[in-house]
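Okay, here's what each chain looks like letter by letter:
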Amino acid sequence: MIRVYNTLTKTKEEFKTVQPGKVGMYLCGPTVYKPSHIGHMVGPVIFDTIKRYLKYNGYDVNFVINITDVDDKLIAEANARKIPMAAVADEMTADYMRNLDAMGVKDSVDAFPKATDHIGNIIKFTQGLIDKDFAYESDGAVYFDVGKLSDYGKVSHRSLEQMLGEGGGTADRKRTPFDFALWKSAKAGEPSWDSPWGKGRPGWHIECSVMSCELLGETFDIHGGGLDLVFPHHENEVAQSEARHGKPMCNFWMHNGLMQASNEVGKVGGRNTKAASEGDLESQEGGKISKSKGASAFRDMLKQFDPEQIRFFLLSSHYRRPIDFSFERIEEVGKGLDTFYRFFKRFEKITGTNFYTLTAPTSRKDGDAATLQTPLCKQVAEYRQKYLEAMDDDFNTGGAIGILFDLLRVLNKYVDDAKLETSKGEVGPLVHGAMVLREIGLTLGLFREPPQEKESAGSNELVGKLMSLLIELRANAKKAKDFQTADTIRNRLKDCGVTLEDRPGGTEWSL
RNA sequence: GGCGCCGUAGCCAAACGGCUAAGGCAGCGGAUUGCAAAUCCGUUAUAUCCCGGUUCGAAUCCGGGCGGCGCCUCCA
């Protein structure tokens, strides 16, 4: 049984779907006005992992991430750069897609609807709300009347009375301060569309209600987003959708913790310099990354780190927790990841099989059936079971990764104990163990393909030839007990960033 | 000020009332090695920010502090 923490009820609930075997999942995507930074990758990676795990559990998952391509910030950016808003949106959407692709998320997303492709539907939806008397026109704009909804505040767990008591919000053309715009009237020079209320553009919240309904139906299963979107965005989505349809918009509201910026974030590519000189305290003092104007572009971060390393970092703690960003932390998890890569090589050496070509079970049921009866396999099965329990419990990827390490240790120990590197032994259990490691890895979106950097260096033919020359020279020196020469070669290579390992089957090198 | 989240070893982190508080990184000792590296074994929290309470039993539940963070500002 999979249990999911629901923001609506503030408890973990048994996961149940609207339609048997099918899951509709919607994630609030980016406003495409600047290149994405690492904070933008948190939600996609987490919900991609959730999709992978649900698929593994036999669900057919329809995963939607929206693209907000019309908004104040986009207009401002377009004006500043003196180019059309659509040009800004296209450029930044392309950047976002490349980043998602690097993180292994893009292919997992079934649709990326854009707000501007749904203007007609947005107008229809808005008119529907007016017809039902949940919205009113005022001066060319249309507002949602929150006072008409008795349960407004149920997602963010606050009440209208309480908020009004604080004197928050501003009234202007609105009936109540917390009424929000469904449709905004156009100002001169702004992109606009014709509507029954004159030229204008959609408000921020309406697109998500409209597109989620278009693609996933009036009631769907999972709505995700960052914790910062709970209020007002998700509160307002629910208000719109439920007022319009008279039924629950979504059964499970899931919110991921935000990535906290440390001062370092802005340092890559020197993007922080501008913000700092402008006295942008937010980027100076940290806070959530999504707001930090100094956060470095994710594409720059990809030059420094393997995407898998970043993914591993994001999944190493529970999704509802805030994550503190730091380069040290990413380096650190990278070292843990390297231990897996070393095992994969070790595995290939012994079995002649590339770990990445192993055909592992892609469903939980198949995995259950694949259990063998040797001592190692039993141990592996126990860890697999623990892994499943961790993931069943609100997608506890942090705990799951701990179990991945346990599994790794058991497999390495088996190789050591059976001396598989020097003598022929029973490799069947090892292959089975590696298969389970791959099965688990794939549900987390890990170990999909060999780490890129290390591969490219290793595949350089000249480098390979030079390395075998040096290794041969060193082997001759060792044979002649000339350890000084042997150590010189090893130390000098170390200075070049190349590590030599004298393994049972011969010397190996790595960067 | 209002609503809410969080505080576990040097650092990161799991745990959701009950066996010895996972795991990673760093450190230390050992096996192995010509020496290393890698791998494995052992070790590093009389114990979960502090103070009370509930309970046979609390890192977990309740109350009160202290500290960190988010939202409640941008005709949203």
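Reading the values: the criteria
- Per chain, residue numbering runs from 1 following the sequence as it is written.
- A letter from A marks each chain and a number from 1 marks each ligand, given out in the order of writing.
- In keeping with the predicted nature of the model, local features appear solely for residues at pLDDT of at least 70, side-chain atom pairs appear and are counted solely at 80 or more, and the whole-chain, interface and lining totals rest on all residues.
- Water and hydrogen atoms were dropped before computing side-chain values, which therefore reflect all heavy atoms in the structure.
- Helix numbers and strand numbers start at the N terminus; a helix is a DSSP run of H or I with at least 4 residues, a strand a run of E with at least 2.
- The buried label applies to any residue whose accessible area, calculated with a 1.4 Å probe on protein chains only, is under 20% of its type's maximum; exposed applies above 50%, and partly exposed to all values in between.
- Whether two residues are in contact is decided by their heavy atoms, any of which lying within 4.5 Å being enough.
- Salt bridges are defined by distance alone: a side-chain nitrogen of Lys or Arg within 4 Å of a carboxyl oxygen of Asp or Glu.
- As used here, the term nonpolar core means buried Ala, Val, Leu, Ile, Met, Phe, Trp, Tyr and Cys residues forming a set that is joined through side-chain atoms within 4.5 Å.
- Put simply, a residue is near a molecule or strand once any heavy atom of it comes within 4 Å of that molecule or strand.
- Polar contact is the term for a pair of N or O atoms within 3.5 Å; when the atoms are in protein, one must be able to donate a hydrogen and the other to accept it, and sequence-neighboring residues count only if both atoms are side-chain atoms.
- Under the scheme applied here, ten amino acids are nonpolar (Ala, Val, Leu, Ile, Met, Phe, Trp, Tyr, Cys and Pro), four are charged (Asp, Glu, Lys and Arg), and all others, including Gly, are polar.
- Any two strands are treated as partners once DSSP identifies two or more bridges connecting them.
- Axis definition: a line fitted to C-alpha atoms, over the contacting stretch in the case of helices. Angles run 0 to 180 degrees between N-to-C directions.
- Working definition: a ring pair exists when centres of Phe, Tyr or Trp rings (six-membered ring for Trp) sit within 6.5 Å. Plane angles under 30 degrees give stacked, over 60 give edge-to-face, the rest tilted.

Trainee: Please clarify how the overall build of chain A should be interpreted in this entry.
Mentor: Within chain A one finds 19 helices and 15 strands. Along the longest, intermediate and shortest principal axes, the C-alpha atoms of chain A span 90 × 55 × 35 Å. Within chain A, buried positions represent 50% of all 511 residues. Put simply, 74% of the contacts in chain A that link residues at least 6 apart link residues at least 24 apart.

Trainee: Please explain the pattern of salt bridges as it appears in this structure.
Mentor: Between side chains of opposite charge, a pair can form when the charged atoms approach closely. Enumeration over the complete set of coordinates arrives at 34 salt bridges. Here Lys 12 and Asp 393 are joined by a salt bridge, their closest N and O atoms 2.8 Å apart. Separated by 381 residues along the polypeptide, Lys 12 in strand S2 (residues 11-14) and Asp 393 in the loop between helix H14 (375-392) and helix H15 (397-417) bring together distant segments of the chain. Note on Asp 393: relative accessible area 26%, which makes it partly exposed. Between Arg 384 and Glu 439 there is a salt bridge; the shortest N-O distance is 3.0 Å. Separated by 55 residues along the polypeptide, Arg 384 in helix H14 and Glu 439 in helix H16 (residues 428-443) bring together distant segments of the chain. Salt bridges linked by common partners bring Arg 346, Asp 416, Glu 421, Glu 501 and Arg 503 together as one network.

Trainee: Mind showing me how you'd approach the nonpolar core here?
Mentor: The tendency in soluble globular proteins is for nonpolar side chains to be buried side by side. Leu 54 and Phe 447 are the most contacted members of the largest nonpolar core, which has 93 residues in total. Those residues in contact with Leu 54, other than ones at most four positions away along the chain, are Ile 2, Phe 15, Val 23, Tyr 59, Val 61, Ile 222 and Phe 395.

Trainee: Help me understand the environment of Val 238, please; the structure alone is not making it clear to me.
Mentor: Relative to the assigned elements, Val 238 resides in helix H7 (residues 230-245). Counting along the chain gives 10 residues from Val 238 to Pro 248, while the straight-line C-alpha distance between them is 7.9 Å. What Val 238 contacts, discounting residues up to four positions off in sequence, is Lys 154, Val 155, Ala 243, Met 249 and Trp 253.

Trainee: How do you make sense of the protein's contact with RNA strand B when you look at a structure like this?
Mentor: Lining the immediate surroundings of RNA strand B are 55 residues, of which Lys 12, Arg 173, Trp 204, Asn 396 and Asp 416 lie closest. In RNA strand B, atoms within 4 Å of the protein come 64% from sugar and phosphate. Here a sugar or linking oxygen of RNA strand B sits 3.4 Å away from a polar atom, N or O, in the side chain of Tyr 143. A distance of 2.7 Å separates a phosphate oxygen of RNA strand B from a polar atom in the side chain of Arg 321. For the surface near RNA strand B, the secondary-structure elements that each account for two or more residues are strand S7 (180-185), H7, strand S12 (287-288), helix H12 (327-351), H15, helix H18 (461-479), helix H19 (483-495) and strand S14 (499-503). Here the surface near RNA strand B gets 9 residues from one element, more than from any other, and that element is H15. When the residues that make up the surface near RNA strand B are grouped by side-chain class, the tally is 9 nonpolar, 17 polar and 29 charged.

Trainee: What exactly am I supposed to notice about the sheet that holds S7 here?
Mentor: Working definition: the strands of a sheet are paired by backbone hydrogen bonds and lie parallel or antiparallel to each other. With antiparallel pairing, 4 strands are arranged side by side in an open sheet as S5-S6-S7-S8. The open sheet has two edge strands with one neighbour each: strand S5 (135-138) and strand S8 (200-202). Strand-to-strand, the axes of this sheet are offset by a mean angle of 20°, without reference to chain direction. In terms of strand pairing, S7 meets S8 through 3 bridges, oriented antiparallel. Paired with Ser 185 across the strands is Gly 200, a residue of S8.

Trainee: For this particular structure, what's the right way to read the packing of aromatic side chains?
Mentor: By convention here, two paired aromatic rings are described through the distance between centres and the angle between planes. For the coordinates displayed, the defined rule picks out 26 aromatic pairs. Here the aromatic rings of Phe 340 and Phe 447 are separated by 5.2 Å at their centres, their planes lie at 40°, and the arrangement is tilted. Residue Phe 340 is found in helix H12, and its partner Phe 447 is found in the loop between H16 and helix H17 (452-458); the two are separated by 107 residues along the sequence. In this structure, Phe 340 and Phe 447 share a single accessibility class: buried. Aromatic side chains Phe 344 and Phe 447 sit 5.0 Å apart centroid to centroid with 80° between the ring planes, which places their arrangement in the edge-to-face category. One end of the pair, Phe 344, is in helix H12; the other, Phe 447, is in the loop between H16 and H17, with 103 residues separating them in the sequence. Judged by its relative accessible area of 1%, Phe 447 falls in the buried class.

Trainee: What am I meant to see in the environment of Arg 490 here?
Mentor: Examined against the element boundaries, Arg 490 turns out to sit in helix H19. Classification of Arg 490 by relative accessible area gives partly exposed; the value is 32%. Residues Arg 490 and Pro 35, spaced 455 residues apart in sequence, show a C-alpha to C-alpha distance of 43 Å. If we ignore the near neighbours within four places in the chain, the residues touching Arg 490 are Arg 474, Leu 500 and Asp 502.

Trainee: Could you clarify how one ought to interpret unusual backbone geometry in this entry?
Mentor: For the bond running from Phe 231 to Pro 232, omega is 0°, close enough to zero to count as cis. Of note in the backbone geometry, Asp 133 takes a positive phi value of approximately 70° without being a glycine. Structurally, the position occupied by Asp 133 is in the loop between helix H4 (119-131) and S5.

Trainee: I would appreciate a short explanation of the pairing of S5 in the present structure.
Mentor: Taken together, the 4 bridges between S5 and strand S6 (residues 141-144) define a ladder with antiparallel strand orientation. Residue pairing in the sheet places Ser 138 in a bridge with Ala 141 of S6. Following S5, the chain reverses through 2 residues before pairing antiparallel with S6; Asp 139 in that reversal takes a positive phi of roughly 65°.

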